[in-house]
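Coordinate analysis (summary)
The residues making up each chain are set out below.
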Amino acid sequence: MANSQQQENMLLTEHFSWPPISLIDDIINAVNEVLYRCTDTFETGISGAPPHLLGFADRYAAEKRTPEKDEDGNDVYPDAALEIEEGVLKLETLMENAVDKNFDKLEIWTLRNVLCLPRGEEELANWVRLGHYAGVDTDRSREVAGERWTPEKLYALRRKLVETQKLHGALVAEAARNAAQIAQLKALLQPQPEPPKRESTSPAKQNGTNDAAKAASLSFLTHTPAAQALGLATATAPSASSAASPLATHASFTTSQLPHLRELLAALRPHLAATALPPNTRNSPESADASRERKLYLESQSKRILERRGVDTTEGVEGKVEGGRVRAEEVRGLEGIVEALGRGRGSDGNEAGRGEEMDTS
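Because the structure is a prediction, the values reported are computed rather than measured.

Things to note about the overall build of the chain
Across its full length, the chain holds 11 helices and two strands. Taking all 361 residues of the chain together, 12% fall into the buried category. Contacts in the chain between residues at least 24 apart in sequence constitute 45% of all its contacts with a sequence separation of at least 6. A total of about 29,800 Å² of accessible surface is found on the chain, and carbon and sulfur atoms cover 58% of it.

Structure below.
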């Protein structure tokens, strides 16, 4: 069983959503990072300085040592780099010890006086209830044998919590996307400010840019006098006639009737199958009567139109397209004329043949 200090740490960790000691660790790590950057900068500066400025020339003179010469004739001190590295390492160790000593005191004081529960009351952690535990029954004496928490129930609740958090994150992201889209749509309804006039060598390009900006704006739907007269003005630019606009009144009334229309449609859908017409109704007596009536109507209308054009319709209107209809008597008369003409041509040919014979004899 956890002691009072462990219960207090667990309570604070659950309340802050991070362990209290992690705050002190982050502070110490930040200070150490600054310390290491300082020592690296210090080492770079020392290594770049001339060795005689750091006292190596005086040391060689005191020890009666002669420094070496490089190709350019300058003094070279081979042990300077090693001593600089050792000195920087000692300085870094000294500063680390100072940081550890002082920040250990800070850690102890913070955990005892800041990140802790009030002192003076024993086992106070057992009586503290966090906000997300409101309404949760923690009395174990009323648990029934069949209703006790089992690992399976706890795992199911944990999975449900994880899925709920995923759903919450998805809903928050969707709300952010919807808000951004609404902001973009509202921006389209706002009138575009007039761009400042600039001298340009290509007026055609500038006019094309202005036309594209005007085409992308839909402010004419709400900010023109016609839109204000119809009651389409936005809240930022209200119109005096928008309250009594017929368009706004009809739109609001239609919107209010939509739920009732949906209910009626849902109530009528079960009756559609029973009240629908049969698929094959061509051969029924009703369809035959309707077809006859339609044919008579079309014939009467056609007869009237043909009579207006001077066409004789005493024998019906079928086949009447343009001009008068050819009767049977006329057809027979034409056939007789054609036969007579054929016989006349035949007799003329025989007489001509006989005359030619007589002439040759």
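Quick look at the pattern of salt bridges
Enumeration over the complete set of coordinates arrives at five salt bridges. The shortest N-O distance in the salt bridge between glutamate 33 and arginine 37 comes to 3.4 Å. Here the residue glutamate 33 and the residue arginine 37 both occupy positions in helix H2 (residues 20-48), the gap between them amounting to four residues, near one helical turn. On the basis of relative accessibility, which here comes to 47%, the residue glutamate 33 falls in the partly exposed class. A salt bridge links arginine 159 to glutamate 163, with the shortest nitrogen-to-oxygen separation between them at 3.4 Å. One end of the pair is arginine 159 and the other is glutamate 163, both in helix H5 (residues 151-189) and four residues apart, which spans about a single turn. For arginine 159, a relative accessible area of 38% corresponds to the partly exposed category. The structure contains a network of salt bridges with shared partners spanning Arg159, Glu163 and Lys166.

Some words on the packing of aromatic side chains
Overall, the coordinates contain one aromatic pair when judged by the stated rule. Ring centres of phenylalanine 16 and tryptophan 18 lie 4.9 Å apart, and the angle between their planes is 20°; on these two criteria the pair is classed as stacked. Here phenylalanine 16 falls in the partly exposed class, since its relative accessible area comes to 26%.

A word on the confidence of the model for the chain
Per-residue confidence for the chain gives a mean pLDDT of 76; residues scoring 70 or more make up 69%. Per-element confidence in the chain is highest for H5, whose mean pLDDT is 92, and lowest for helix H6 (residues 203-216), whose mean pLDDT is 56. Contacts for the low-pLDDT stretch residues 235-242, under 50 throughout, to residues beyond four places or in other chains number 10 contacts.

Focus: a nonpolar patch on the surface
There is a patch of nonpolar side chains on the surface, built from Trp18, Leu23, Ile27, Leu106, Trp109 and Val114 and spanning about 520 Å² of accessible area. Secondary-structure elements contributing two or more residues to the nonpolar patch are H2 and helix H4 (80-113). Positionally, tryptophan 18 belongs in the loop between helix H1 (4-16) and H2.

Comments concerning H2
For H2, which comprises 29 residues, the first-to-last C-alpha distance of 44 Å matches the rise-based estimate of 42 Å (1.5 Å per residue) to within 8%. Regarding H2, the residues found buried are Pro20, Ile24, Ile28, Asn32, Leu35 and Thr39. Close packing links the buried residues of H2 with H1 and H4.

As for H1
In this model H1 runs 18 Å from its N-terminal to its C-terminal C-alpha over 13 residues, within 8% of the 18 Å that 1.5 Å per residue would give. Among the residues of H1, those classed as buried are Glu8, Leu11 and Leu12. Buried residues in H1, looked at end-on, bunch into an arc of 95°, giving them a common side. Against the buried residues of H1 lie H2. Positive phi shows up at serine 17, right after H1, with a value of about 70°.

Things to note about the side chain of glutamate 8
As for its position among the elements, glutamate 8 is in helix H1. The exposure class of glutamate 8 is buried, given its relative accessible area of 7%. One polar contact links the side chain of glutamate 8 to the main-chain amide nitrogen of leucine 117, over a distance of 3.0 Å.

Considering the packing of H2 against H4
Relative to each other, H2 and H4 sit at 160°, their axes nearing to 10 Å. Comparing their axes, H4 and H2 come out roughly antiparallel. Relative to H4, H2 is oriented so that their crossing is right-handed. Considered class by class, the residues forming the contact of H2 with H4 number 17 nonpolar, four polar and four charged.

Calculation notes
- Residues numbered from 1 in each chain as written.
- Predicted model: local features only at pLDDT ≥ 70, side-chain atom pairs only at ≥ 80, totals over all residues.
- Heavy atoms only, no water.
- Helix = DSSP H or I, 4+ residues; strand = E, 2+ residues; numbered from the N terminus.
- Buried < 20%, exposed > 50% of the residue type's maximum accessible area, 1.4 Å probe, protein only.
- Contact = heavy atoms within 4.5 Å.
- Areas by Shrake-Rupley, 256 points an atom, 1.4 Å probe, with all protein chains shown as cover.
- Salt bridge = Lys/Arg side-chain N within 4 Å of Asp/Glu carboxyl O.
- Phe/Tyr/Trp six-rings, centres within 6.5 Å; stacked < 30°, edge-to-face > 60°.
- pLDDT = per-residue confidence, 0-100.
- Patch = residues over 30% accessible without salt bridge, like charges linked within 9 Å, V, L, I, M, F, W, Y side chains within 5 Å.
- Expected span 1.5 Å × (residues − 1).
- Arc of directions from axis to C-beta.
- Polar contact = N/O pair within 3.5 Å; in protein donor to acceptor, adjacent residues only side chain to side chain.
- Axes fitted to C-alpha atoms, helices over the stretch in contact; angles between N-to-C directions.
- Parallel < 35°, antiparallel > 145°, perpendicular 65-115°, else oblique.
- Left-handed = near helix turned anticlockwise from the far one by under 90°.
- Nonpolar A, V, L, I, M, F, W, Y, C, P; charged D, E, K, R; others polar.

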